[in-house]
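Structure at a glance
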4 protein chains.
Amino acid sequence: MEKRNLKQQIITTAGNLFYTKGYNTTGINEIISKSNVAKATLYHHFKSKEAICIAYLEAKHSLFMASLTNSIASENSTKAKLLGIFEYLRSEFRKEDFGGCWAIKLLGEIPQNDKNIKPLIVRQKKELIVFLNQLVGDSVKNASKAEIEQLSNSIYLLYETAITESYLHKSDWPIFQSRSIAQKLIAEIDLK
Amino acid sequence: MEKRNLKQQIITTAGNLFYTKGYNTTGINEIISKSNVAKATLYHHFKSKEAICIAYLEAKHSLFMASLTNSIASENSTKAKLLGIFEYLRSEFRKEDFGGCWAIKLLGEIPQNDKNIKPLIVRQKKELIVFLNQLVGDSVKNASKAEIEQLSNSIYLLYETAITESYLHKSDWPIFQSRSIAQKLIAEIDLK
Amino acid sequence: MEKRNLKQQIITTAGNLFYTKGYNTTGINEIISKSNVAKATLYHHFKSKEAICIAYLEAKHSLFMASLTNSIASENSTKAKLLGIFEYLRSEFRKEDFGGCWAIKLLGEIPQNDKNIKPLIVRQKKELIVFLNQLVGDSVKNASKAEIEQLSNSIYLLYETAITESYLHKSDWPIFQSRSIAQKLIAEIDLK
Amino acid sequence: MEKRNLKQQIITTAGNLFYTKGYNTTGINEIISKSNVAKATLYHHFKSKEAICIAYLEAKHSLFMASLTNSIASENSTKAKLLGIFEYLRSEFRKEDFGGCWAIKLLGEIPQNDKNIKPLIVRQKKELIVFLNQLVGDSVKNASKAEIEQLSNSIYLLYETAITESYLHKSDWPIFQSRSIAQKLIAEIDLK
DNA sequence: GATGAATGAGAGTTCATTCAT
DNA sequence: TATGAATGAACTCTCATTCAT
């Protein structure tokens, strides 16, 4: 325990548990014992278990957006960048603790009428949609706004299905298949 | 209470709760009170909560496969049948209690190393994949086995993303977008 | 299931479970499943679990008294008969499922103020005491009633400690030691 | 409730119930209501009911060894000390809540293959055996190790039967009879 | 800033028994 | 005679959270 990153420590530990075991299945006691933090200390930093979950989601999303951006930065063309998303996913899939999309998984754990976590997830997914939309839009030659949106939305949907289904089937075929479909869609539009 | 459908009654009640509230969030007490059954009666029919969940998954899957099959039966061409899948999904989406894919949601609730529910879900998804593969394969003119598989797998992936994302965004655009992509892929292959 | 010894079948099965697992730890469901009898059938023959226990105790005691009597019958002298009791116990100890005294074990499972099982156990133990008293009394030459009683009571106490302690320590030294003490006491009195 | 002896409080309350009602017959709810402690508080201090039982056994054994030691300390000779054990037992027998040997009773409640409680009981009984062996050994004049062991083991067996049988028959005759036998055995050996 | 003791509510499961057939 | 469905009460244990220090 290095003293000052106690809060981060908790988020990391709890996050790993949420991701591998599930949110509801992970108890506060497990979090405190695994992160070597006293119970009252945990509640000093977070007002509730839900607050930890939200912090975890935010950290995970930031890291994801940064990693993704960084991962495709080296590609020269927009085409390559878009397909690079699926390469990035493949590298994630290969990691031992890969467990699909943290946000989609959480979605299954919370009531349909949840008011805190669900809206956050929606916001984050929309951020990804916007990111993709800008990526496509920045380099398009001759295409309407609608065409741009259709392509970026499609890639979003393909990314989403690829991550969930590769976890479900424990195989990377959904990633390859999604990438293949994306490739066809990209070919239709005129990119720089 | 019509006397002898107690077991079905429990599955239905529990299933609705699992679907709307989540599996872990739904307690046995809520199930028994909502289905007007004594706790010991429930455990007379099911050895555990997990057993109820499995029965629920099986019932849901059977019903889904039957509904889907029936829903696209009236279409004349295979093309129409394949696109009919997305029409079917739209009709589901419009229902008030639509909550996305029951199986994918459950996936988020159970530990990564679960030995009972997860394999069942995988089996059921594979059944859908096989169903789609046969649907395409039965009516193809000139296409290799690999081409057939690629199309049916693609439609599977698109269906999956459509159901999850339409629930997440509370909008049917993912269904339309997925349908649109499917249409393009179908057009590439020579179907009867 | 040969039809007619259903009641016996239940007593035997339940008895084995009571003896090896304990009375309270053994459930009605385990009894019915292991004895291949329907629940209602069991309750047709016995009004309660306690009734089964009482039947079991009676069966066990009868068998015990008969076995013991038979086992020492071949001995010529009373001295040999008395020591034969410990030989009998040794043969019981060697059996794989030996678990000490069924009655003493039951004593630990029931409340101090029990009104049905405890008195039965006391009665049965007193029967053993009387049996030993007669065995000694029948063949004594010169000894007062008090002397006879002291010897038979002593042998009873030594038998009791031998059975319980050999089970507890999983060793036959308590049987040998008890037998040795008994031998000394017997030597003091003038037997035929 | 004097604040900080909650753990002890639970052991005492539970112990009394285990002793008078039996281990399996005593429920956690009864323990918490009688000791005015919340259920979660109990489980904060003990990980399971079995853990309470083990704590109870250890406390009871410590107290017993100390009481016994103290009770016979005033006697001058080893002979008197050895016989003092039975005097000690008589004083226990006279107490209103006397219920025989806590350990032997527990032995009847747990499955033959128990891995936690049974070994503890065996260990404690062996401790008593060693205690008696040293008591005899320390003051013997002319006797082999084997003779010493036979005497101390015999006294152990007699003590054990005395406590169990006096409880069973609700009479102190087994104590007197055991003491009488012990006296004879002690007379045979040459003690200081 | 940091703690461990304490909690009310509820988790899932099993109990011995009864009832309608 | 024989049955399996149904039950209320009780079981052991865990939950996320708060409190006094």
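Residues numbered from 1 in each chain as written. Chains lettered and ligands numbered in written order. Predicted model: local features only at pLDDT ≥ 70, side-chain atom pairs only at ≥ 80, totals over all residues. Heavy atoms only, no water.

**Examining the overall build of chain A**
Across its full length, chain A holds 9 helices and 0 strands. When the 192 residues of chain A are sorted by exposure, 53% land in the buried category. Put simply, of all contacts in chain A between residues at least 6 apart along the chain, 71% involve residues at least 24 apart. Of the roughly 9,000 Å² of accessible surface on chain A, 50% is carried by carbon and sulfur atoms. (Helix = DSSP H or I, 4+ residues; strand = E, 2+ residues; numbered from the N terminus. Buried < 20%, exposed > 50% of the residue type's maximum accessible area, 1.4 Å probe, protein only. Contact = heavy atoms within 4.5 Å. Areas by Shrake-Rupley, 256 points an atom, 1.4 Å probe, with all protein chains shown as cover.)

**Let's talk about the protein's contact with DNA strand E**
Lining the immediate environment of DNA strand E, one finds 35 residues, of which Thr 41 of chain A, Ile 28, Asn 29 and Lys 39 of chain B together with His 44 of chain D sit closest. Per the 4 Å cut-off to the protein, sugar and phosphate atoms form 58% of the nearby atoms of DNA strand E. A distance of 2.6 Å separates a phosphate oxygen of DNA strand E from a polar atom in the side chain of Tyr 43 of chain B. Within the backbone of Ile 28 of chain C, an N or O atom sits 2.9 Å from a phosphate oxygen of DNA strand E. Elements that contribute at least two residues to the surface near DNA strand E include exactly α3 (39-45) of chain A, α2 (28-34) and α3 (39-45) of chain B, α2 (28-34) and α3 (39-45) of chain C together with α3 (39-45) of chain D. (Near = heavy atom within 4 Å. Polar contact = N/O pair within 3.5 Å; in protein donor to acceptor, adjacent residues only side chain to side chain.)

**A word on the state of the cysteines**
Scanning all chains against the criterion turns up 0 disulfides over all chains. Cysteine Cys 53 of chain A remains unbridged, with the sulfur of Cys 101 of chain A as its closest cysteine sulfur at 12 Å. (Disulfide = S-S within 2.5 Å.)

**Digging into the domain arrangement of chain A**
Residues and elements named next belong to chain A. We note that the domain assignment places domain 1 (1-46) and domain 2 (54-188) within chain A. Computed over C-alpha atoms, the centres of domain 1 and domain 2 are 28 Å apart. Counting residues at the interface gives 8 residues for domain 1 and 12 residues for domain 2. Between domain 1 and domain 2, roughly 890 Å² of surface is buried when both sides are summed, and carbon and sulfur atoms account for 61% of that area. Considering only the side of domain 1, the residues that lose the most area to domain 2 are Ile 11, Tyr 19 and Tyr 23, jointly responsible for 66% of the buried surface there. Linking domain 1 with domain 2 are 0 salt bridges. At the boundary of domain 1 with domain 2, the tally comes to 5 residue pairs in polar contact (both at pLDDT 80 or more). Residue composition of the side of domain 1 that touches domain 2, grouped by class: 5 nonpolar, 3 polar and no charged. (Domains from an automatic or database assignment. Buried area = accessible area lost by both parts, 1.4 Å probe. Salt bridge = Lys/Arg side-chain N within 4 Å of Asp/Glu carboxyl O. Nonpolar A, V, L, I, M, F, W, Y, C, P; charged D, E, K, R; others polar.)

**Points about the relation of the copies chain D and chain C**
It takes a turn of 180 degrees to lay chain D on chain C, together with a shift of 0.0 Å along the axis; the resulting RMSD is 0.1 Å. In symmetry terms, the pair is related by a two-fold rotation axis. (Least-squares fit on C-alpha atoms with pLDDT ≥ 70 in both.)

**Looking at the packing of helix α5 (residues 78-94) of chain D against helix α7 (residues 117-138) of chain D**
All names here are of chain D. Interaxial distance between α5 and α7 falls to 9 Å at its minimum, and their mutual angle equals 155 degrees. Relative to α7, α5 is oriented roughly antiparallel. Here the hand of the crossing between α5 and α7 comes out left-handed. Residues Thr 78, Lys 81, Leu 82 and Ile 85 of α5 form the contact with α7, whose participating residues are Leu 132, Leu 135 and Val 136. (Axes fitted to C-alpha atoms, helices over the stretch in contact; angles between N-to-C directions. Parallel < 35°, antiparallel > 145°, perpendicular 65-115°, else oblique. Left-handed = near helix turned anticlockwise from the far one by under 90°.)

**What about helix α1 (residues 6-21) of chain D?**
Residues and elements named next belong to chain D. With 16 residues, α1 extends 22 Å between its outermost C-alpha atoms, agreeing within 8% with the 22 Å of an ideal straight helix rising 1.5 Å per residue. Ile 10, Ile 11, Thr 13, Ala 14, Gly 15, Leu 17, Phe 18 and Tyr 19 are the residues of α1 that are buried. Tucked into the core, α1 has its buried residues touching α2 (28-34), α3, α4 (49-73) and α6 (102-107). Trailing α1 by a residue or two, Gly 22 shows a phi angle of about 105 degrees, which is positive. (Expected span 1.5 Å × (residues − 1).)

**Side note on the side chain of Thr 13 of chain D**
Note that Thr 13 of chain D resides in helix α1. What makes Thr 13 of chain D buried here is its relative accessible area of 12%.

**Observations concerning the interface of chain B and chain A**
Tallying the contact residues gives 45 residues for chain B and 45 residues for chain A. Approximately 3,800 Å² of surface area, both sides summed, lies buried where chain B meets chain A, with 59% of it carried by carbon and sulfur atoms. The three residues of chain B that bury the most area against chain A are Gln 112, Leu 157 and Leu 168 of chain B, which together make up 19% of that side's buried surface. There are 2 salt bridges connecting chain B and chain A. Notably, a salt bridge pairs Glu 188 of chain B with Lys 184 of chain A, separated by 3.1 Å at the nearest N-O pair. Viewed at the interface, chain A and chain B are joined by 18 residue pairs in polar contact (both at pLDDT 80 or more). At the level of elements, α1 (6-21), α6 (102-109), α7 (117-137), α8 (145-169) and α9 (173-188) of chain B are the ones that each hand at least two residues to the side of chain B that touches chain A. Of the residues in the side of chain B that touches chain A, the class split is 18 nonpolar, 15 polar and 12 charged.

**Examining the interface of chain D and chain C**
Between chain D and chain C, the contact holds 45 residues from the first and 45 residues from the second. Overall, the association of chain D and chain C removes approximately 3,700 Å² of surface from exposure, summing both partners, and the carbon and sulfur fraction of that is 59%. Contact with chain C buries surface across chain D, with Gln 112, Leu 157 and Leu 168 of chain D losing the most and accounting together for 18% of the total. Counting across the interface, chain D meets chain C through 16 residue pairs in polar contact (both at pLDDT 80 or more).

**Topic: the protein's contact with DNA strand F**
Surveying the vicinity of DNA strand F reveals 33 residues, the closest of which are Ala 40, Thr 41 and His 44 of chain B, Thr 41 of chain C together with Lys 39 of chain D. The protein-proximal atoms of DNA strand F, defined as those within 4 Å of the protein, are 56% sugar or phosphate. Those elements that place two or more of their residues in the surface near DNA strand F are α3 of chain A, α3 of chain B, α3 of chain C together with α2 and α3 of chain D. The greatest single-element share of the surface near DNA strand F, amounting to 5 residues, is contributed by α3 of chain C. Across the surface near DNA strand F, the residue classes break down as 12 nonpolar, 13 polar and 8 charged.

**Overview of the packing of aromatic side chains**
In total, this model carries 29 aromatic pairs over all chains according to the counting rule given. Where Phe 18 of chain A meets Tyr 56 of chain A, the ring centres are 5.7 Å apart and the plane angle is 70 degrees; that geometry is what we call edge-to-face. You can see Phe 18 of chain A sitting in helix α1 (residues 6-21) and its partner Tyr 56 of chain A sitting in helix α4 (residues 49-73), a full 38 residues away along the chain. Taken as a pair, Phe 18 of chain A and Tyr 56 of chain A share a single burial class, namely buried. Residues Phe 93 of chain C and Phe 98 of chain C carry aromatic rings whose centres are separated by 5.4 Å and whose planes lie at 65 degrees to one another, so their mutual orientation is edge-to-face. Accessibility classification places Phe 93 of chain C together with Phe 98 of chain C in one group, the buried group. Joined through ring pairs, the aromatic side chains of Phe 64, Tyr 88, Trp 102 and Tyr 159 of chain A make up one cluster. The aromatic ring of Tyr 19 of chain B is capped on one face by Lys 105 of chain B, whose charged end is 4.8 Å from the ring centroid. We note Lys 49 of chain D situated over the ring of Tyr 23 of chain D; from NZ or CZ to the ring centre the distance is 4.5 Å. (Phe/Tyr/Trp six-rings, centres within 6.5 Å; stacked < 30°, edge-to-face > 60°. Lys NZ or Arg CZ within 6 Å of the ring centre and 35° of its normal.)

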